Every structure is written in C-alpha cells, then in structure tokens.
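These are the residues of each chain, in order.
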Amino acid sequence: MAALDDISTQRRDPPDGEEDKSLQDLLNAEGKNIKSLVCQRCQCKVLRPNLGQHVQKELFLPHMKKKSEQQGAMDGETLKEFWVVDDMYTFENVGFTNTVNDIKYLICADCEVGPIGWHDLSKKKEFYIALDRVHHI
C-alpha cells in the first residue's frame, strides 16, 4: 500500500511543449499569468490566465504530500515566486486547510495534494499560489 501512496503523490509532467520554464514566458506586460495554472498531480485547473499577479515574497510552505500523510511542522521549504489574487473566488479549483497559526494552506480541490499556496487570515485580500507548486500550460 505504501508503494501506491508514493506513486499517487508523484509530480506529473505536462505534455511536451506545454510548459515554459522561463519566468518571462509566464508574464504579460502587467506581470500577470499568461497561462493557466494546473495541479502538478491531477492537471486540474487552479487559475485561469490573466488573473494572478506575480510577486516575489519569501514564504515557508510544507512539502507537498497527500492530506492523509503525517509530516513535521518544519518539513518544508521557503519559496520566493508566487501568483497572488485578492479574492478566493478567483480560483477555479482550490481548497483550504484548517487554520494553523492564522494561516490556511491552499490545496488542489480535486486530489487534495498540497499545499500549493498560502493565505494569512490577517490579510483578507492576499491569496498566494507558488509558481513551483503548479504547472503553467
């Protein structure tokens, strides 16, 4: 069973030629996403083009694992590149975890893998999606 869990959380690469690697290839003139953001695991659409503003901000996110897996509080990484939106209803398919120290982590609503992003409850209009936690197609 553990082998199945490992396979189910593996990152799925998008089809050849559908993901650009350069940051400049992901931004329009206003610094918004020109491509759709999709879940790395199930390819579910997270955000439509031209809705997320690119920002550089250091945020700690736990490593991406299935919701049922256990992990330590410091098991994660600091990421610096994000898309930010000002309304949670802007997303296509995003779920939110229970609150932990005034933070809600964003996860894929379909497969529940994450966290793919972060929301600080004290900042009502800031919802972050990490560039490294989604595919851009």
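For the structure itself, look to the data block above.
Residues numbered from 1 in each chain as written. Predicted model: local features only at pLDDT ≥ 70, side-chain atom pairs only at ≥ 80, totals over all residues. Heavy atoms only, no water.

Student: Describe the packing of aromatic side chains, with residues and values.
Tutor: Scanning the model with the defined rule gives four aromatic pairs in all. Taking the centre distance of 5.9 Å and the plane angle of 80 degrees together, the rings of Phe82 and Tyr128 count as edge-to-face. With a gap of 46 residues between them, Phe82 in strand 4 (residues 76–85) and Tyr128 in strand 8 (residues 127–130) connect regions that are remote in the sequence. (Phe/Tyr/Trp six-rings, centres within 6.5 Å; stacked < 30°, edge-to-face > 60°. Helix = DSSP H or I, 4+ residues; strand = E, 2+ residues; numbered from the N terminus.)

Student: Before we move on, can you summarise the side chain of Thr90 with the specific residues and values?
Tutor: Along the polypeptide, Thr90 turns up in the loop between strand 4 and strand 5 (94–96). Polar contacts involving the side chain of Thr90 include one to the main-chain carbonyl oxygen of Asp87, which spans 2.9 Å. Among all residues touching Thr90, those that are not within four sequence positions of it are Leu47, Leu51 and Val85. (Polar contact = N/O pair within 3.5 Å; in protein donor to acceptor, adjacent residues only side chain to side chain. Contact = heavy atoms within 4.5 Å.)

Student: Can you tell me about unusual backbone geometry, naming the residues and giving the values?
Tutor: The step from Gly114 to Pro115 runs through a cis peptide bond, and the omega angle for that step is 10 degrees. Not every positive phi belongs to a glycine, and Glu112 is a case in point at roughly 65 degrees. Residue placement: Glu112 occurs in the loop between strand 6 (103–108) and strand 7 (117–120). Exposure remark for Glu112: the relative accessible area of 35% places this residue in the partly exposed category. (Buried < 20%, exposed > 50% of the residue type's maximum accessible area, 1.4 Å probe, protein only.)

Student: Which residues make up the sheet that holds strand 9 (residues 134–136), and what values go with them?
Tutor: If you walk across this open sheet you meet the three strands as 2-1-9, and the pairing is antiparallel. Edge strands, defined here as strands with exactly one partner in the open sheet, are strand 2 (45–47) and strand 9. Within the sheet, the average angular offset between the axes of one strand and its neighbour, ignoring direction, is 40 degrees. Bridge analysis of strand 1 (residues 37–39) against strand 2 gives two bridges, and the strand direction is antiparallel. Note on strand 2: the bridge partner recorded for Leu37 is Leu47. (Pairing = 2+ DSSP bridges. Axes fitted to C-alpha atoms, helices over the stretch in contact; angles between N-to-C directions.)

Student: Would you mind going over the pairing of strand 4 in detail, with residue names and values included?
Tutor: Taken together, the eight bridges between strand 3 (residues 53–62) and strand 4 define a ladder with antiparallel strand orientation. Following the sheet pairing, His54 is matched in strand 4 by Trp83. As judged from the four bridges shared by strand 4 and strand 8, these two strands associate in the antiparallel manner. Directly across from Phe82, in strand 8, lies its bridge partner Ala130.

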